[in-house]
Amino acid sequence: MAVTLSHKICLDPTYKQEQYFKQACGTARFTWNWALNEWQHQYESALKPTALKLKKQFNAIKKVDFPWTYEVTKYASQQPFMFLQTAFNRFFNGTSSYPKFKKKGHHDSFYIGNDQFNVKGNRLKIPKLGAIKMHETLRFCGELVSGTISRIADKWFVSLSVKLESAPTSCESQAGVGIDLGIKSLATLSDGEIFEAPKPLKKYLLKLKRFQRRLCRRQKESHNRYKLKQQIAKIVNIRQNSLHQLTSYLTTHFGGIAIEDLNVKGMLANHKLARAIADIGFYEFRRQLEYKSKLKGNYLLIAERWFPSSKQCSACGNKKAELKLSERVYRCDSCGLELDRDLNAAINLKNVLNTGSSSEINACGQDGSVAACCDNQLG
Ligand SMILES: [Zn+2]
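Owing to the predicted nature of the structure, the values given are computational and were not obtained by experimental measurement.

1. Topic: the overall build of the protein chain
The secondary structure content of the protein chain amounts to 11 helices and 14 strands. A buried classification covers 27% of the 379 residues belonging to the protein chain.

2. Thoughts on the pairing of strand E7 (residues 155-165)
Judged from the 9 bridges that link them, strand E6 (residues 143-152) and E7 form a sheet pairing that is antiparallel. Within E7, the residue paired with Leu-144 across the bridge is Val-162. Hairpin connection of E6 to E7: 2 residues between the antiparallel strands, including Ala-153 at a positive phi of 50 degrees.

3. Some words on helix H2 (residues 51-65)
Taken as a whole, H2 carries its principal kink of about 30 degrees at Asn-59. Among the residues of H2, Leu-54, Lys-55 and Phe-58 are the ones counted as buried. Those residues of H2 that are buried lie in contact with helix H1 (15-44) and helix H3 (75-92).

4. Quick look at H1
Structural remark: α-helix, 3.6 residues per turn; residues separated by three or four positions point the same way. Taking 1.5 Å as the rise per residue, H1 with 30 residues should run 44 Å; its terminal C-alpha atoms sit 44 Å apart, in good agreement. Taken from the residues just after H1, Ala-46 is the one with a positive phi, measuring 55 degrees.

5. So, the sheet that holds strand E10 (residues 194-195)
Sheet architecture is open: 5 strands sit in the order E10-E9-E8-E11-E12, paired in mixed fashion. Either end of the sheet is taken by a strand with one partner, and the two such strands are E10 and strand E12 (299-303). Of the strand pairs in this sheet, strand E8 (residues 176-181) and strand E9 (residues 187-189) are connected by 3 bridges, and their pairing is antiparallel. Each bridged residue has a counterpart across the sheet, and for Asp-180 the counterpart in E9 is Thr-188.

6. Brief notes about the packing of H1 against H2
Two elements in contact, H1 and H2, have axes whose closest approach is 10 Å; the angle formed by their N-to-C orientations is 115 degrees. Regarding H1 and H2, the two cross each other, and that crossing is right-handed. Packed against H1, whose contacting residues are Trp-34, Ala-35, Glu-38 and Trp-39, the element H2 presents Ala-51, Leu-54 and Phe-58 at the interface. Of the residues in the contact of H1 with H2, the class split is 6 nonpolar, no polar and 1 charged.

7. Digging into the pairing of E6
Across a regular strand the side chains alternate sides, sitting on one face of the sheet and then on the other. Relative to E6, strand E2 (residues 109-113) runs antiparallel, the two being bridged by 5 bridges. Residue pairing for E6: Tyr-111 is matched across the bridge by Thr-148.

8. Considerations on unusual backbone geometry
The phi dihedral of Ala-46 is positive, around 55 degrees, even though this residue is not glycine. With respect to the helices, strands and loops of the structure, Ala-46 is situated in the loop between H1 and H2. Of note, Lys-48 is a non-glycine position whose phi angle comes to about 50 degrees, a positive value. Topologically, Lys-48 is positioned in the loop between H1 and H2. On the basis of neighbour count, Lys-48 is assigned to the exposed category, with 8 C-beta atoms found within 10 Å.

9. Thoughts on the nonpolar core
Formed by 32 residues in total, the largest nonpolar core has its most connected members in Ala-24, Ala-35, Phe-110 and Leu-124. It is H1 that provides the largest number of residues to this core, a total of 10 residues. Leaving out residues up to four positions away in the same chain, Ala-24 has contacts with Val-72, Thr-73, Ala-76 and Phe-110.

10. Some words on the packing of H2 against H3
The N-to-C vectors of H2 and H3 enclose an angle of 160 degrees; their axes lie 9 Å apart at closest approach. The angle between H2 and H3 falls in the class roughly antiparallel. H2 and H3 meet at a crossing whose hand is right-handed. Note on element contacts: H3 touches H2 through Ser-77, Gln-78, Phe-81, Met-82, Leu-84 and Gln-85, opposite Ala-51, Leu-54, Lys-55 and Lys-62. Counted by class, the contact of H2 with H3 contains 5 nonpolar, 3 polar and 2 charged residues.

What counts as what
- Residues numbered from 1 in each chain as written.
- Predicted model: local features only at pLDDT ≥ 70, side-chain atom pairs only at ≥ 80, totals over all residues.
- Helix = DSSP H or I, 4+ residues; strand = E, 2+ residues; numbered from the N terminus.
- Buried ≥ 20, exposed ≤ 12 C-beta atoms within 10 Å, placed from the backbone.
- Pairing = 2+ DSSP bridges.
- Bend = angle between axes of the 7 residues up to and from the residue.
- Contact = placed C-beta atoms within 7 Å.
- Expected span 1.5 Å × (residues − 1).
- Axes fitted to C-alpha atoms, helices over the stretch in contact; angles between N-to-C directions.
- Left-handed = near helix turned anticlockwise from the far one by under 90°.
- Nonpolar A, V, L, I, M, F, W, Y, C, P; charged D, E, K, R; others polar.
- Core = buried A, V, L, I, M, F, W, Y, C linked by C-beta atoms within 7 Å.
- Parallel < 35°, antiparallel > 145°, perpendicular 65-115°, else oblique.

Printed below as a string of structure tokens:
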């Protein structure tokens, strides 16, 4: 089974390269708008337009009417027709709204096919344009399918699509691990390791709030909007990177991984928790863990959300009736165990991994549904 994944990487183009990017974005935007406008005219004249017909028309006149389209990659003036067809297909089958015209500063991107670029280390190579520095190396190893270069505020990104053949088990060990996704720290592992949440997040969030407030007051000040976009891009990047580091570490070092299916909806009702959960990006964590486990062949177990990972003693199995969020240390009334709350929860999850759908889980009233759940995940 092959999968296509993409990795979005920040770029450091030179002045010349940036000028090229801007021009290619402009060409792609112009072509899209031309095609959409023409589509509408032809539709009104009952001509039944298709993207392919429009593309032929465009190519017949571009040498004379739009000679500047030749100054950038051919994809900038060809691919928008394919995208427009897709957009109309989605509109016709009811999955999207009617295609819109693109605006400068809002829709700055262009596509390139795999015959016009290459990736080596942290360099993106485009003929005639030379090597462009990337902030990270490509995360996946596989066949490059396409690239999309885009701009958010004044930052440039490339999103690289890579086709991967689902790899056989490439995990180093068969060891199992339980993970408690935390509020205090990003994650606590059952072996006692702790992953801290990225520090800069709080600082950026504060800044973001200030910008947002200012933006409401002065709607039209575009410089602030620009800065706001930049801040958001930074936060998303920091969060994504720390999660990728964590999920890559987990899937390379552990054959079996157990996490909890947090009741995110229930938790979002609580404001303070809501902020923390949103920051940490539980959904994103789970998404990454799922696809990386598929690729590397890890066994991923997602315990049902009412599995008592926090309330249960990881040593003797005794279950507390209540455990307040403020209680950071788990103290067992039955065997006297004293353990960090998150670590206790992580060990409980690891124990589920070892016992599978044994009677212990059934005793919690789960009827082996944990096992069924992870079969789906790995399907
Ligand atoms: Zn105990």
